[in-house]
Amino acid sequence: GVLVIGPIVLDECGDEIEAALRNLAANSESVIIFDDADISAERYLELLGEHQLGEGETEAIAIANDQNWCLCSDDRKARDVGAALLGPDRMIGSLRLVQWCVEEELWQCAAAYDSFLEMRTQGAFLPDIPREFFCEAVQGC
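Bear in mind the structure is a predicted one, so any value in this text is a computation, not a measurement.

A word on the pattern of salt bridges. Within the structure shown, the criterion is met by four salt bridges. Here Arg-22 makes a salt bridge to Glu-18, at a shortest N to O gap of 3.0 Å. Of this pair, Arg-22 and Glu-18 are both found in helix H2 (residues 15-27), four residues apart, which corresponds to roughly one turn of the helix. By relative accessible area, which is 44% here, Arg-22 ends up partly exposed. What makes Glu-18 buried here is its relative accessible area of 17%. The partner of Arg-43 in a salt bridge is Glu-46, and the shortest N-O contact between them spans 2.6 Å. Here Arg-43 and its partner Glu-46 are both found in helix H3 (residues 41-51), three residues apart, which amounts to about one turn of the helix. Arg-43 sits in the buried class, given a relative accessible area of 19%.

Rendered as structure tokens:
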């Protein structure tokens, strides 16, 4: 799989994470930094006005919509809007992304579970799930 990141979302990541993502994009085919010139400004502004989401969430939905890609978001409202616009089969959240990292052998199950626990410690609103969740294979996005 490939992770595509828009310029607004990249800017929201902070300097250290942005540098790491740019390094991955430069040295791997697994991460792509999407060019803002390829995003329809008209569609972006339309989505921003209609759904009252943050700029990064709106950008991600616009890219996924225009490119017929899946959308991953940690924002509940953005996932709801994404599911309505793109279809629920093209929408995933943080937990599915972590699960995907295990499937792609980027993380072991234990590391994925530890990351999940850290997200919760940092304030993410995530459900109680067992460690085994991250070791289950799932089809689709």
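So, next bit.
Time to look at the confidence of the model for the protein chain. The predicted model of the protein chain averages 91 in pLDDT, with 99% of residues at 70 or higher. Taken element by element, the protein chain is modelled with least confidence in helix H6 (residues 94-103), mean pLDDT 88, and with most confidence in helix H5 (residues 76-86), mean pLDDT 95.

With that out of the way, let us pick up the side chain of Arg-43. Here the side chain of Arg-43 touches Glu-46 through a polar contact of 2.6 Å, side chain to side chain. Ignoring anything within four residues of it in the chain, the contact list for Arg-43 reads Asn-65, Asp-66 and Leu-85.

For the coordinates displayed, the defined rule picks out five aromatic pairs. When the centroid spacing of 5.8 Å and the interplanar angle of 85° are considered together, the rings of Phe-34 and Trp-69 count as edge-to-face. You can see Phe-34 sitting in the loop between strand E2 (31-33) and H3 and its partner Trp-69 sitting in the loop between helix H4 (55-67) and strand E3 (71-72), a full 35 residues away along the chain. Taking relative accessible area as the criterion, Phe-34 reaches 10% and is therefore assigned buried. For Trp-69, a relative accessible area of 32% puts it in the partly exposed group.

Conventions and cut-offs
All chains use their own residue numbering, which begins from 1 and follows the written sequence. Only residues with pLDDT of at least 70 are given local features in this predicted model, and only at 80 or more are side-chain atom pairs given and counted; all residues enter the totals for whole chains, interfaces and linings. Hydrogens and waters are ignored; side-chain quantities use all the structure's heavy atoms. A carboxyl oxygen of Asp or Glu within 4 Å of a side-chain nitrogen of Lys or Arg is what we treat as a salt bridge. Under the DSSP-based scheme used, a helix requires at least four consecutive residues in state H or I and a strand at least two consecutive residues in state E, with every element numbered from the N terminus. Partly exposed describes any residue whose relative accessible area lies between the buried limit of under 20% and the exposed limit of over 50%, with all areas from a 1.4 Å probe on protein chains only and scaled to the type maximum. pLDDT expresses, on a scale from 0 to 100, how confident the predictor is about each individual residue. Pairs of N or O atoms are called polar contacts if they sit within 3.5 Å, as long as, within protein, a hydrogen donor faces a hydrogen acceptor (for residues adjacent in sequence, only side-chain-to-side-chain pairs). The criterion used for residue contact is that any of the two residues' heavy atoms lie within 4.5 Å. Whether two aromatic rings pair depends on their centres lying within 6.5 Å, for rings of Phe, Tyr and Trp, where Trp uses its six-membered ring; planes under 30 degrees apart make the pair stacked, over 60 edge-to-face, and the rest tilted.

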